[in-house]
Amino acid sequence: MRIRGDRWPGAAIMLNMDPNARKLDAVAIRCEARLSECGIRPTGQRVRIASLLLCAPQHLSAEQILATLRSSGARVSKATVYNTLNLFAARGIIRQLSVDGSRAWFDSNVDAHYHFHDTSSGALIDVPVPEVEFSRLPSPPPGTEVAGIDLIIRLRRKG
Ligand SMILES: [Zn+2]
């Protein structure tokens, strides 16, 4: 994945004649703007990580993101990836999901929605909010109010 240089913003775009590379550049440029908007300095590594996650609606674990970055030749530490993902989640660019406690998942869709979790494949599938109705909820303890509800519907293969 090509990330445009800091010094010559247009140079990387003009050199890329491959349409897929041009598409990635467009994603990188959008991500760079998004990071700046959220008060995050858009370093090359941050833009790479944001581009990976935000190029499509998807759910990725920190391990998958690290593996993808490394397979594309990026020299990036696990700590950098985790710190960057936590920073993005804290600023509302992505959403961290607690799925099973064994790994951290990150969702590029920050709009309200729920999830199916296929326990055999590990896949997460979005469930739109209007498809779920809660008929009864406990009253929140005094002095508190409900800030949000997470719902993960676990799936297994039949038979
Ligand atoms: Zn989702």
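Bear in mind the structure is a predicted one, so any value in this text is a computation, not a measurement.

Engineer: What's the story with the environment of Leu-151 in this structure? I'm lost.
Structural biologist: Looking at where Leu-151 falls in the secondary structure, it is placed in the loop between β5 (124-128) and β6 (152-155). Distance in space between the C-alpha atoms of Leu-151 and Val-129 is 9.9 Å, their sequence separation being 22 residues. Not counting residues up to four positions away in its chain, the partners in contact with Leu-151 are Tyr-114 and Val-132.

Engineer: Would you mind going over the sheet that holds β5 with me for this structure?
Structural biologist: Within the open sheet, the three strands sit side by side as β5-β4-β6. Their pairing is mixed. Taken across any chain shown, the strands that pair with only one partner, and hence form the sheet edges, are β5 and β6. Taken over all neighbouring pairs, the strand axes of this sheet differ in orientation by 25° on average, direction set aside. For strand β4 (residues 113-118) and β5, the ladder comprises five bridges, and the chain directions are antiparallel. Bridging from a neighbouring strand, His-117 pairs with Leu-124 of β5.

Engineer: What am I meant to see in the nonpolar core here?
Structural biologist: As a rule of thumb, soluble globular proteins bury nonpolar side chains together. One finds Cys-31, Ile-49, Ala-50, Leu-53, Ile-65 and Phe-106 to be the most contacted residues of the largest nonpolar core, which totals 19 residues. Of all the secondary structure elements, the ones that give two or more residues to this core are α2 (19-37), α3 (44-54), α4 (62-71), α5 (78-90) and β3 (104-107). Residue contacts for Leu-53: discarding those within four places in its chain leaves Leu-60, Ile-94, Phe-106 and Ser-108.

Engineer: What am I meant to see in the sheet that holds strand β1 (residues 59-61) here?
Structural biologist: Note on sheets: strands pair through backbone hydrogen bonds, and any given pair is parallel or antiparallel. What the three strands build is an open sheet, ordered β1-β3-β2; its pairing is antiparallel. Looking at the sheet topology across the chains shown, the edges are occupied by β1 and β2 (95-98). Neighbour-to-neighbour, the strand axes of this sheet turn through a mean angle of 35°, independent of strand direction. With three bridges connecting them, β1 and β3 associate as antiparallel partners. When the bridges of β3 are listed, His-59 appears paired with Asp-107.

Engineer: How do you make sense of the packing of α4 against α5 when you look at a structure like this?
Structural biologist: Think of two packed helices as two axes; the pair is described by the angle between the axes and how far apart they sit. At a minimum axis separation of 10 Å, α4 and α5 run at an interaxial angle of 125°. As summarised for this structure, α4 and α5 are arranged oblique, according to the angle between their axes. When the axes of α4 and α5 are compared, the crossing they make is right-handed. Along the contact surface, α4 presents Ala-62, Ile-65, Leu-66 and Leu-69, while α5 presents Lys-78, Val-81, Tyr-82 and Leu-85. Considered class by class, the residues forming the contact of α4 with α5 number seven nonpolar, no polar and one charged.

Criteria and cut-off values
All residue numbers refer to positions counted from 1 along the written sequence of the respective chain. Reporting in this predicted model follows two pLDDT cut-offs: at least 70 for local features of residues, and 80 or more for side-chain atom pairs to be given and counted; totals over whole chains, interfaces and linings ignore these cut-offs and use all residues. Under the DSSP-based scheme used, a helix requires at least four consecutive residues in state H or I and a strand at least two consecutive residues in state E, with every element numbered from the N terminus. The contact rule is simple: place each C-beta atom from the backbone, and if two of them lie within 7 Å, those residues are in contact. Two strands make a pair as long as DSSP finds a minimum of two bridges between them. In this description, a line fitted to the C-alpha atoms serves as the axis of each element, helices being fitted only across the stretch in contact, and the angle between N-to-C directions of two axes falls anywhere from 0 to 180 degrees. Only buried residues count toward a nonpolar core: Ala, Val, Leu, Ile, Met, Phe, Trp, Tyr and Cys, linked into one set through C-beta atoms within 7 Å. Residues are called buried when their C-beta atom has 20 or more other C-beta atoms within 10 Å, exposed when it has 12 or fewer, and partly exposed otherwise; all C-beta atoms are positioned from the backbone. These descriptions rest on fixed angle ranges, namely under 35 degrees for roughly parallel, over 145 for roughly antiparallel, 65 to 115 for roughly perpendicular, and the rest for oblique. By definition, any crossing whose near helix is turned counterclockwise from its far helix by less than a right angle is left-handed, and any crossing with a clockwise turn is right-handed. Think of it as three bins: nonpolar holds Ala, Val, Leu, Ile, Met, Phe, Trp, Tyr, Cys and Pro, charged holds Asp, Glu, Lys and Arg, and polar takes everything else, Gly as well.

Purely spatial values, then, with no claim about function.
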